[in-house]
Amino acid sequence: MAERVAEAIPVRDLPVGAVEVPRRGRVVEGLRGYGLIAAMWIRSTMTYRTSFFLSTLGNAAITLLDFVAIYIMFSHVDELGGFALPEIALLYGSCSASLGLADLLLGNTDRVGTRIRDGSLDTMLVRPVPLLAQVAADRFALRRLGRVVQGLTVLGWAVTELDQLHWTAGKVLLVPVMITAGAAIFGAVMVAGAAFQFVAGDAAEVQNSFTYGGCTMLQYPPTVFAKDLLRGVTFIVPLAFVNWLPALHVLGRPDPLGLPGWAAYASPLVAFAVFLPASLAWRAGVRSYRSTGS
């Protein structure tokens, strides 16, 4: 029993009188709890199917306006930073799909600051489900699938237009890996941003500047940005691994920073490397939380 207690997370995350469980069990319970909460909100959403489909369509249409602006821009120019429209569409579609997945699964983490202020976080802390699972799944918005579908649609169009590319098995496999790993990187940034809100009180816009703002930047080719910025989003906040480095390899274009070829396949490792400090920051934030006193 002593070994199990040593591996347990703080009592604060458990209901009063509950027995602490090992970390592996907490992960399983977290996934199970996340699934149950998300399923509850999905059932609630599907009660009004027409409203759901209209909101999903509206979400996709609004996010599509970003690409419409790029398309209109290319009615006046042939290239941007040496990239043609289908190549930029590949960047846009992959980034939009990755952010859409992360936003669907973890987008509600930016509400931590609000919950800290109104005291509703205290209610979550006494439930037998890990706090992060509750925060992420609360008010699960299935309509956010609209961004994912819209991004995948643009990505599919880009792939069909880039028929001159020499597709290999590695490049074909790299496309879904790029989207999945990119979603994990964005998710790690969201968790880190949520952890920062335990200190800052409300820093949702800071978090959004790295997620939504980062995705806007990644929709354009890296050749239009300064080298210092490219180094920052590669080695400090590694957003370049979301789509820039994998997409450059798929397109057969050189990396402006001259990184080795294997870096294009390093996105899953980078996602894991980013999630580790993000999870530690989240645990530290929860441990430092002292409630509102109400």
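Residues numbered from 1 in each chain as written. Predicted model: local features only at pLDDT ≥ 70, side-chain atom pairs only at ≥ 80, totals over all residues. Heavy atoms only, no water.

## Digging into the overall build of the protein
As a reminder of what qualifies: Numbering of helices and strands starts at the N terminus; helices are DSSP runs of H or I of at least 4 residues and strands are runs of E of at least 2. Each radius of gyration is computed over the set of C-alpha atoms, and the globule rule expresses the reference value as 2.2 Å times the number of residues to the power 0.38. Note on classification: 1.4 Å probe, protein chains only; a residue is buried when its accessible area is under 20% of the maximum for its type, exposed when over 50%, partly exposed between these limits. Residue contacts follow a heavy-atom distance rule, with two residues in contact if any of their heavy atoms lie within 4.5 Å. Residue-level accessible areas treat just the shown protein chains as cover; the underlying method is Shrake-Rupley with a 1.4 Å probe.
Each helix and strand counted, the protein has 13 helices and 0 strands in total. Element order for the protein, N to C, with α for helix and β for strand: α-α-α-α-α-α-α-α-α-α-α-α-α. Relative to the compact-globule value of 19 Å for 294 residues, the protein shows a C-alpha radius of gyration of 21 Å, a close match. Dimensions of the protein, computed from the C-alpha atoms along their principal axes, are close to 65 × 45 × 35 Å. Going through the 294 residues of the protein one by one, you find that 47% of them count as buried. Expressed as a percentage of contacts within the protein between residues at least 6 apart in sequence, the contacts between residues at least 24 apart total 77%. In the structure as shown, the protein presents an accessible area of about 14,600 Å², 66% of it carried by carbon and sulfur atoms.

## Side note on the packing of helix H4 (residues 85-106) against helix H12 (residues 244-251)
Using the following cut-off: Inter-axis angles, ranging from 0 to 180 degrees, are taken between N-to-C directions of lines fitted to C-alpha atoms, where helices are fitted over the stretch in contact. Put simply, a crossing is left-handed when the front helix is turned counterclockwise from the back one by less than a right angle, and right-handed when it is turned clockwise. In this classification, the charged set is Asp, Glu, Lys and Arg, the nonpolar set is Ala, Val, Leu, Ile, Met, Phe, Trp, Tyr, Cys and Pro, and all remaining amino acids, among them Gly, are polar.
For the pair H4 and H12, the least separation of the axes is 10 Å and the interaxial angle reads 145°. The interaxial crossing formed by H4 with H12 has right-handed handedness. Facing Glu87, Leu90 and Leu91 of H4, the residues of H12 in contact are Trp244, Ala247, Val250 and Leu251. In the contact of H4 with H12, the residues fall into 6 nonpolar, no polar and 1 charged.

## Details of the pattern of salt bridges
Basically, it comes down to this: Note on definitions: salt bridges are taken to be side-chain nitrogens of Lys or Arg within 4 Å of carboxyl oxygens of Asp or Glu.
Under the defined criterion, the tally for this structure stands at 4 salt bridges. Arg144 is paired through a salt bridge with Asp103; the nearest N and O atoms lie 3.7 Å apart. Of this pair, Arg144 sits in the loop between helix H7 (131-137) and helix H8 (145-161) while Asp103 sits in helix H4; the two residues are 41 residues apart in sequence, bridging distant segments of the chain. The residues Arg144 and Asp103 share a single accessibility class, namely buried. Between Arg115 and Asp138 there is a salt bridge, with the nearest N and O atoms lying 2.1 Å from each other. One end of the pair, Arg115, is in helix H5 (residues 112-118); the other, Asp138, is in the loop between H7 and H8, with 23 residues separating them in the sequence. Each of the two residues, Arg115 as well as Asp138, counts as buried.

## Quick look at empty space enclosed by the protein
Cut-off, in case you're wondering: Note on definitions: the grid is 1 Å and covers protein atoms alone; a cavity is a set of points where a 1.4 Å probe fits but cannot get out; a pocket is an open set with protein on both sides within 12 Å along at least five of seven lines; lining residues have an atom within 4 Å of a point. Grid points are joined across faces, edges and corners, and a volume is the space filled by probe spheres set on the points.
The tally for this structure, following the rule as stated, stands at 1 cavity of 30 Å³ or more. Approximately 60 Å³ is the volume attributed to the largest cavity. As for the largest cavity, its lining consists of Pro222, Leu230, Thr234, Ala240, Trp244, Leu245, Leu248, Asp255, Pro256, Leu257 and Leu259. Secondary structure elements with two or more residues in the lining of the largest cavity: helix H11 (227-236) and H12. Here the residues of the lining of the largest cavity sort into 9 nonpolar, 1 polar and 1 charged.

## Structural notes on helix H10 (residues 204-218)
This is how it is decided: A helix is expected to span 1.5 Å for every residue after the first. The angle between axes fitted to the seven-residue stretch ending at a residue and the seven-residue stretch beginning at it gives the bend at that residue.
Here H10 is 15 residues long and its end C-alpha atoms lie 20 Å apart, about the 21 Å a rise of 1.5 Å per residue gives. The principal kink in H10, of about 25°, is found at Phe210. Buried within H10 we find Ala204, Gln207, Asn208, Thr211, Gly214, Cys215, Met217 and Leu218.

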